[in-house]
Amino acid sequence: MDRAILRGGVSIGILTNFTLTAQLFSGHCPADQPPEPPRITPEQAAIQSAESRNRELTKEITKKEAKIHALEDKIKALKKTKKPAQTKKTASAWRTFTATAYTAFCPEGCTGITKTGVDVSRSIYYEGARVIAVDPSVIALGSTVEVRLADGSSFRAKAIDVGGAIKGARLDLLVANEADALQFGRQSVELRVIK
């Protein structure tokens, strides 16, 4: 008789046969079991994660590039459509105004600051044009105008100020001093808006 090794009263051979038989009946044979997946290191897992993220980003970039190309095509199409010709601004017709003169160079009561915030206390010119006060409901503040005097001379002026008595078709011309204002007096002038 074989020398069966006994443990706990049962031979090892019998236990092995019993285990194999149980596995066969349950359908789990050690040979049929799939191999364990290979284990990866943390570094390899990080690389795989980065590669996966790169693939996702590449898909997003591709989608966004497609949108950009579609928008570029729309822009090209819009540029090809003809736009209506823009009318060139021309000067307005000549209109008759009553003109007076004022000064911002007085010892008291004058601030030298126009309605548009320009300091004219040292010069009667702004942006190369004479300064005038107008009624903003007639001439828009900031407009450049041409003023023609009765003697035929003319000058450019910038409408950057207003005055309490300047209503309707009136303008007030900034002059250097009170004597010049008195000399200018009140006169009829022609005015047209240039821009």
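Just so you know, these numbers come straight off a predicted model, no measurement behind them.

Caption draft 1: Representation of the overall build of the chain within the structure. Across its full length, the chain carries 3 helices and 9 strands. Listing the helices and strands of the chain from first to last along the sequence gives β-β-α-α-β-β-β-β-β-β-α-β. Here the chain, with 195 residues, has 23% of them falling under the buried criterion. Long-range contacts, defined here as pairs at least 24 residues apart, represent 72% of the contacts in the chain between residues at least 6 apart. Element-wise, carbon and sulfur atoms account for 57% of the exposed surface of the chain, whose accessible area totals about 14,800 Å².

Caption draft 2: Layout of the packing of aromatic side chains. One pass over the structure, following the stated rule, counts 0 aromatic pairs. One Lys or Arg, arginine 130, reaches over the ring of phenylalanine 155 and ends 5.6 Å from the middle of that ring. Above the ring of tryptophan 94, the side-chain terminus of arginine 148 is found at 4.0 Å from the ring centroid.

Caption draft 3: Highlighting the pattern of salt bridges. Evaluated as defined, the whole model comprises 4 salt bridges. The closest approach of N and O atoms between aspartate 119 and arginine 122, which form a salt bridge, is 3.9 Å. A salt bridge links glutamate 127 to lysine 158, with the shortest nitrogen-to-oxygen separation between them at 3.3 Å. Pair noted here: glutamate 127 is in the loop between β4 (125-126) and β5 (129-134) and lysine 158 is in strand β7 (residues 154-161), with a separation of 31 residues, a long-range link. Assessed through its relative accessible area of 12%, lysine 158 is described here as buried.

Caption draft 4: Spotlight on the layout of surface pockets. Its volume calculated, the largest pocket comes out at about 160 Å³. Every residue lining the largest pocket is counted, 15 residues in all, and those nearest its centre are Tyr102, Thr103, Ala104, Ile113 and Asp161. Residues of the lining of the largest pocket, tallied by class, amount to 8 nonpolar, 5 polar and 2 charged.

Caption draft 5: Just the nonpolar core, in detail. Ile132, Val147 and Leu171 are the most contacted members of the largest nonpolar core, which totals 19 residues. When residues of this core are traced back to their parent elements, those giving at least two are β3 (95-103), β5, β6 (144-148), β7, β8 (170-175), α3 (178-184) and β9 (187-193). Here leucine 171 is in contact with Phe97, Thr98, Ala99, Thr100, Ile132, Ala133, Val134, Val147, Ile166, Val189 and Leu191, once residues within four sequence places are set aside. In terms of nonpolar packing, the next biggest core, distinct from the first, is built from 9 residues, Ala104, Val118, Ile124 and Ala133 among them.

Caption draft 6: Structural context of the environment of arginine 122. Topologically, arginine 122 is positioned in the loop between β3 and β4. Classification of arginine 122 by relative accessible area gives exposed; the value is 75%. In the structure, arginine 122 is positioned 17 residues away from phenylalanine 105 in sequence and 7.6 Å away in space, judged by C-alpha atoms.

Caption draft 7: Summary view of the environment of glycine 185. Summarising the element assignment, glycine 185 is placed in the loop between α3 and β9. In this structure glycine 185 comes out as partly exposed when scored by relative accessible area, which is 27%. For glycine 185 and tyrosine 102, which are 83 residues apart along the polypeptide, the C-alpha to C-alpha distance reads 9.6 Å. Aside from chain neighbours lying at most four places away, what touches glycine 185 is Ala99, Thr100 and Ala101.

Caption draft 8: Broad picture of the pairing of β3. Judged from the 5 bridges that link them, β3 and β9 form a sheet pairing that is antiparallel. Note that in β9 the partner of arginine 95 across the bridge is leucine 191. Relative to β8, β3 is paired through 6 bridges, and the arrangement is parallel. Opposite alanine 101, over in β8, you have leucine 173 as the bridge partner.

Caption draft 9: How the structure looks around the side chain of aspartate 135. Within the secondary structure layout, aspartate 135 lies in the loop between β5 and β6. For the buried aspartate 135, no salt bridge is present, and the opposite-charge side chain at shortest range is lysine 167, 5.6 Å distant. A polar contact is formed between the side chain of aspartate 135 and the side chain of serine 137, at a distance of 2.8 Å. Apart from the residues within four sequence positions on either side, aspartate 135 is in contact with Ile166, Lys167, Gly168 and Arg170.

Calculation criteria
- Residues numbered from 1 in each chain as written.
- Predicted model: local features only at pLDDT ≥ 70, side-chain atom pairs only at ≥ 80, totals over all residues.
- Heavy atoms only, no water.
- Helix = DSSP H or I, 4+ residues; strand = E, 2+ residues; numbered from the N terminus.
- Buried < 20%, exposed > 50% of the residue type's maximum accessible area, 1.4 Å probe, protein only.
- Contact = heavy atoms within 4.5 Å.
- Areas by Shrake-Rupley, 256 points an atom, 1.4 Å probe, with all protein chains shown as cover.
- Phe/Tyr/Trp six-rings, centres within 6.5 Å; stacked < 30°, edge-to-face > 60°.
- Lys NZ or Arg CZ within 6 Å of the ring centre and 35° of its normal.
- Salt bridge = Lys/Arg side-chain N within 4 Å of Asp/Glu carboxyl O.
- 1 Å grid on protein atoms, 1.4 Å probe; cavity = no way out; pocket = protein on both sides within 12 Å on 5 of 7 lines; lining within 4 Å.
- Points joined across faces, edges and corners; volume = space filled by probe spheres on them.
- Nonpolar A, V, L, I, M, F, W, Y, C, P; charged D, E, K, R; others polar.
- Core = buried A, V, L, I, M, F, W, Y, C linked by side-chain atoms within 4.5 Å.
- Pairing = 2+ DSSP bridges.
- Lys, Arg positive; Asp, Glu negative; His and termini not counted.
- Polar contact = N/O pair within 3.5 Å; in protein donor to acceptor, adjacent residues only side chain to side chain.

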